[in-house]
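# Topology and contacts: notes
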Amino acid sequence: MKNICIIGSGYVGLVTGACFAELGNKVICVDNDVKKIKMLKKNILPFYEPGLKELINKNRSKLSFTSSIKDGVEKSEIVFITVGTPSRDDGSADLSCVERVATEIAHSINNYKLIVEKSTVPVETGEKVKYTIKRNIVKKIEFDVASNPEFLREGQAINDFFHPDRIIIGVETKKAEKILTELYKPICAPILVTDIKSAELIKHASNSFLATKISFINAVANICELVGADITKVAEGMGLDSRIGKSFLNAGPGFGGSCFPKDVDAFYWISKKLGYDFNLLYEVKKINETQKQNIIKKVEDALWIVANKIIAVLGLSFKPDTDDIRMSPAIDIIKSLQKKGAKIKAYDPKAMKKSKDVLKNVEYCKDIYSAVKNSDCILVMTEWNEFKNIDFEKVKRIMKNPILIDTRNIYNPEKLIKLGFVYKGVGR
Ligand code: NAD
């Protein structure tokens, strides 16, 4: 049993905290958002993640919530930093939260601590964290800094924590290695121990590689459209090659979410700062932006004049099983269509509450059928399971025009065309 402090109780911090508590550790979750801490104390979660509420409830006796870093750090041996590292306007990672937290940790250290960066950070951040703590520490107390990047996926975060493909531990001392390998001992997964810089690079390189795969398949999808080939078959054929693998080969509206866009930007930026022009990543980002324009063009091709047409958007989150709309392609695409005068009706099983803060003049609907009623076109943006079993005969009856734009290629085009729909997928 370890005493753990998690600083930053967001998607990563809360999941990590609840899962470490489930493994028998005593965990203090800290956040400077006082409202969030108050909610957590009342058992209200600030976001939707399947199974998280139940896991927190189950481990109440081992989990506590506070807005005081001092309180959390003093009572813990291991301190995880899980604050946000958003993009600045120039694409670089904004590490001000990490710096602030490192300074506060330094002021609160009362005995040996292992400070672990779990937030996604550019290479060499560990050195800066160490330097910041050294500069601000009041007493002469021993501490270590380590990197333990997080790979969980929203929507399946708890399963990813307990069954990860690998655990990466970047350390400088044997003591830090021992503490972290013991902490992760109950989890059956390969543990790769590296230096801190390599661990930091593993995270940026992994996310950038996955984003590259998505942009690559989207580029191939565009060629498929030019020649009348089917991207789903091309991807299937490519994916059967074990060297390539079938994951992340789904053509669509481009990647979104709080990680890929910002991590590609940050990796490009830090590489440039270090003296290497990682142009490949620039192209990955460019293809991703173009892909959103391609979806808008599909809507225009289908509707001709977009102004005053009613578009029913199904799905607002950047992927299914989450309410996260950060950098969701749906949000950008809706905003562009609104600029062209379209009237938007929308439905998402979980993400409507968050969308209301960023998308105005949208008619939010209680279910799929109220969204599509009287619409001129359906735009499916997220592949929620609920959308896979739509009664299209009913939909056709209640729509104004049976036009369907399937940006996730989840439907069978032949069936829909047979039913009388105008069907447009991506790359087929
Ligand atoms: P988030 O925005 O959901 O959570 C960050 C939390 O940190 C917020 O609750 C915020 O209030 C808190 N915070 C900010 N400054 C603070 C401070 N000074 N003291 C205490 N709390 C503070 O972000 P997230 O999605 O959990 O991501 C956190 C990090 O993990 C990022 O670097 C991200 O790239 C990385 N990551 C995210 C995911 C994911 O799927 N969300 C997956 C892997 C890695």
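For the structure itself, consult the block above.
Predicted, not measured: the structure shown is a model, and the values here were computed from it. (Residues numbered from 1 in each chain as written. Predicted model: local features only at pLDDT ≥ 70, side-chain atom pairs only at ≥ 80, totals over all residues. Heavy atoms only, no water.)

A contiguous nonpolar surface patch, about 360 Å² in accessible area, is contributed by Ile223, Leu226 and Val227. Residue placement: Ile223 occurs in helix H9 (residues 196–227). For Ile223, a relative accessible area of 51% gives the class exposed. (Patch = residues over 30% accessible without salt bridge, like charges linked within 9 Å, V, L, I, M, F, W, Y side chains within 5 Å. Areas by Shrake-Rupley, 256 points an atom, 1.4 Å probe, with all protein chains shown as cover. Salt bridge = Lys/Arg side-chain N within 4 Å of Asp/Glu carboxyl O. Helix = DSSP H or I, 4+ residues; strand = E, 2+ residues; numbered from the N terminus. Buried < 20%, exposed > 50% of the residue type's maximum accessible area, 1.4 Å probe, protein only.)

Our focus in this paragraph is the packing of aromatic side chains. All told, the structure shown has 14 aromatic pairs when counted by the stated rule. A ring pair is formed by Phe20 and Phe161, whose centres lie 5.1 Å apart and whose planes are at 90°; its orientation type is edge-to-face. Here Phe20, found in helix H1 (residues 11–22), pairs with Phe161, found in helix H7 (residues 157–162); they are 141 residues apart in sequence, far enough to count as distant. Comparing Phe20 with Phe161 shows no difference in burial state: the two are buried. When the ring of Phe161 is compared with that of Phe162, the centres are 5.2 Å apart and the planes differ by 80°; the resulting orientation is edge-to-face. Judged on exposure class, the residue Phe161 and its partner Phe162 are both buried. Here Lys350 stacks its cationic end above the ring of Tyr48, 4.4 Å away from the centre of that ring. Its guanidinium or amino end placed over the ring of Tyr369, Lys394 lies 4.2 Å from that ring's centre, counting from NZ or CZ. (Phe/Tyr/Trp six-rings, centres within 6.5 Å; stacked < 30°, edge-to-face > 60°. Lys NZ or Arg CZ within 6 Å of the ring centre and 35° of its normal.)

As for its placement among the helices and strands, Thr322 is situated in the loop between strand E9 (310–314) and helix H13 (329–339). For Thr322, a relative accessible area of 0% gives the class buried. Sequence-distant contacts of Thr322, defined by excluding residues within four places in its chain, comprise Tyr11, Tyr48, Glu154, Ser317, Lys350 and Trp384. (Contact = heavy atoms within 4.5 Å.)

Below, the discussion takes up the pattern of salt bridges. What the rule picks out here adds up to 27 salt bridges. For Lys75, the salt bridge goes to Asp71, with nearest N and O atoms at 3.1 Å. Take Asp71: its relative accessible area is 29%, and that puts it in the partly exposed class. Arg408 is the salt-bridge partner of Glu383, the closest N and O atoms lying 3.3 Å from each other. Of this pair, Glu383 sits in the loop between strand E12 (377–380) and helix H16 (392–398) while Arg408 is found in the loop between strand E13 (403–406) and helix H17 (413–419), placing the two residues 25 residues apart along the sequence. Owing to a relative accessible area of 24%, Glu383 belongs among the partly exposed residues under this scheme. Residue Arg408 is classed as buried on the basis of its relative accessible area, which comes to 18%. Within the structure, one salt-bridge network assembled from shared partners comprises Lys2, Lys178 and Glu182.

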